[in-house]
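# Observations on the three-dimensional arrangement
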Amino acid sequence: MSSFKALGLAAPILQALDGEGYTTPTPIQAGAIPHLMEGKDLLGLAQTGTGKTAAFALPILHYLLEHPRKAAPRSARVLVLAPTRELVAQIGDNFAAYARHMKFSHAVIFGGVGQNRQVEAMKRGVDVMVAAPGRLLDLVGQGHIDLSTLEIVVLDEADRMLDMGFVHDIRRIVARLPEKRQTLLFSATMPSSIRELAHSLLKDPETVQVTPESSTVDRIRQAVLFVDSTQKKEALMMLVNSDRVVRAVVFTLMKHEANKVAEYLSKNGIPAAAIHGNKSQGARERAMQGFRDGSVRVLVATDIAARGIDVDEVSHVFNYDLPNVPEAYVHRIGRTARAGRDGWAVSLCDAEQRAWLRDIEKRIGKAVPVITDHPYHSADAQNSTLPPPVLGGGRGGRGGRNGGGGRAGGGRGRSSQQSGSRSAGAGQGGARNRRRRFS
Ligand code: AMP
């Protein structure tokens, strides 16, 4: 399908898409919209960055236009469930943007903030309610929201909702849904738990799958700069200072490091902000808003915090620290090159993190091109056979130990004492905890 008009979407929606600058439906949109406009249930296998939000939002808005009706008090006509408050807010914003030329009301429901405004927003009923499962159940339990009159239900990022332990909440919500409804389930992956959930929720669904993330990854131009660990900040500054860096996300492993890097960049005249789990909701929202409107050029984030970042035109991703889990590398660099755009992913790699780069290269199936003509290029780091760092240096807490240094390169069994906070000697032959995440 070559155009949104050919998909049969109503004029006010086409006008909004024009305003957004969307000319061509993405594959998930071209695949899903016709089924959804026929009222079919849908299983969509697609991840963030594929245009999946519009794939469900546009036909839902079309449906609302075609079937005008007032929502009942404390109810919505459409429910979109999403795992995090960032994603909930984002989906709400997308709906509002696509509905800007039509009469439309929506509410966003998520925890971490007071409930009064959300209760108030739902009082008279809305067309679309976008909600995180926990807070939604709270408000349903208190009698502020009634789910029995919903017409369309969307579960977005269902695999992430299950990963985050929402399975019981989802079951409780589902138990309150009306039997007659249209149901959509989107998931990036298809483990058996999702298969079962889909089977129990969807009636005679159509399945639309878009090409896996490798195709996006292929469009990202990747490079690595080997650096001395003591010169990382300066090297990053120099990279970020290029005119070509319009909007950048910088990744660190640790929250305190994210703060330090953001402060360093700000002090040196680059508008930067940090987002991570220790920041308040307000601070995170301000940082995200600044990033969207361009007043913050660089967002410094930890892996978990970055999951909610969905901003177009991220021209560059910089890995200030490489991730210790190869999968995280793929997620990180996927923040750039979205919706058909090009993007750069540049990693700083010091001697300690050299082993992680090898694991990443195995995961992506190719070597990351090396930048050698750079003042901060370090041949020592490039040739390092050091074992990877032991994160957290034996301190307690979530970012604590990871169970030993493991082996790298030639398989030496001990790690030397390293500089600064990312350090600690490792035991011999201890298993490396490859799965540990840091937020
Ligand atoms: P999503 O997968 O929903 O997170 O979408 C990724 C980004 O792609 C969104 O921020 C949209 O602004 C953008 N987008 C969605 N559909 C299109 C389209 N058809 N053309 C251009 N950009 C799009």
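Summary of the structure given here. (Residues numbered from 1 in each chain as written. Predicted model: local features only at pLDDT ≥ 70, side-chain atom pairs only at ≥ 80, totals over all residues. Heavy atoms only, no water.)

## Observations concerning the nonpolar core
This is how the line gets drawn: Working definition of a nonpolar core: buried Ala, Val, Leu, Ile, Met, Phe, Trp, Tyr and Cys residues. They are joined through side-chain atoms within 4.5 Å. Only protein chains enter the calculation, and the probe is 1.4 Å; a residue is then buried if its accessible area is under 20% of its type maximum, exposed if over 50%, and partly exposed in between. Secondary structure elements are taken from DSSP: a helix is a run of H or I of four residues or more, a strand is a run of E of two residues or more, and numbering for both begins at the N terminus. Whether two residues are in contact is decided by their heavy atoms: any pair within 4.5 Å suffices.
Counting 41 residues, the largest nonpolar core has Phe 56, Leu 58, Ile 60, Leu 61, Val 80, Phe 95 and Val 128 as the members making the most contacts within it. At the level of secondary structure, the elements contributing two or more residues to this core comprise α1 (11-20), α2 (27-37), α3 (52-66), β2 (76-81), α4 (85-98), β4 (126-131), β5 (152-155) and β6 (182-187). The biggest single contributor to this core is α3, with eight residues. The contacts of Ile 60, once residues within four sequence positions are left out, are Val 78, Phe 95, Val 128, Ile 152 and Val 154. Listed in part, the 34 residues of the second largest apolar core include Phe 226, Ile 275, Ala 305 and Tyr 329.

## Structural notes on the sheet that holds strand β9 (residues 248-251)
Applied cut-off: One requirement defines pairing of two strands: DSSP has to find at least two bridges between them. Note on geometry: axes are C-alpha line fits, over the in-contact stretch for helices, and angles between N-to-C directions span 0 to 180 degrees.
With respect to topology, six strands assemble into an open sheet ordered β8-β13-β12-β9-β11-β10, the strand pairing being parallel. The open sheet has two edge strands, β8 (220-226) and β10 (272-275), and neither has a second partner. Across the sheet, the mean angle separating the axes of adjacent strands is 20° when strand polarity is ignored. Bridging between β9 and strand β11 (residues 298-301) involves four bridges; their strand directions are parallel. Bridging from a neighbouring strand, Val 250 pairs with Val 300 of β11. Relative to the sheet, helix α15 (residues 326-333) contacts β8, β9, β12 (316-319) and β13 (343-349), its axis offset from that of β12 by approximately 150°.

## Thoughts on the environment of Asp 156
In plain terms, the rule: Residues adjacent in sequence count toward polar contacts only when both atoms are side-chain atoms; beyond that, a polar contact is any pair of N or O atoms within 3.5 Å, and within protein one must be able to donate a hydrogen and the other to accept it.
Position of Asp 156 among the secondary structure elements: in the loop between β5 and α7 (158-163). Classification of Asp 156 by relative accessible area gives buried; the value is 0%. Taking the C-alpha atoms as reference points, Asp 156 and Pro 83, separated by 73 residues in sequence, lie 7.6 Å from one another. Non-local contacts of Asp 156, meaning those with residues more than four positions away in its chain, are made with Lys 52, Phe 56, Leu 81, Ala 82, Pro 83, Leu 87, Ile 91, Met 161 and Phe 186. Here Lys 52 takes part through its side chain, which lies 3.1 Å from a polar atom of the side chain of Asp 156.

## Concerning the site of the ligand
Heads up, the rule is: Definition of nearness: a residue and a molecule or strand are near each other if at least one heavy atom of the residue lies within 4 Å of the molecule or strand. Exposure was quantified through the Shrake-Rupley algorithm and a 1.4 Å probe, taking into account, for residues, occlusion by the shown protein chains and nothing else. When residues are grouped by polarity, Ala, Val, Leu, Ile, Met, Phe, Trp, Tyr, Cys and Pro land in nonpolar, Asp, Glu, Lys and Arg in charged, and all others, Gly among them, in polar. Domain limits in this description derive from either an automatic procedure or a database domain assignment.
The ligand sits among 16 residues. The nearest are Tyr 22, Gln 29, Gly 49, Gly 51 and Thr 53. The separation between an oxygen atom of the ligand and a polar main-chain atom of Lys 52 is 3.2 Å. Here the ligand, which alone exposes 490 Å², has 91% of that area covered by the protein. Classifying every residue of the shell around the ligand gives four nonpolar, eight polar and four charged. Shared between two domains, the shell around the ligand holds at least three residues of each, these being domain 1 (5-211) and domain 2 (214-438).

What is shown is where atoms sit, not what they do.
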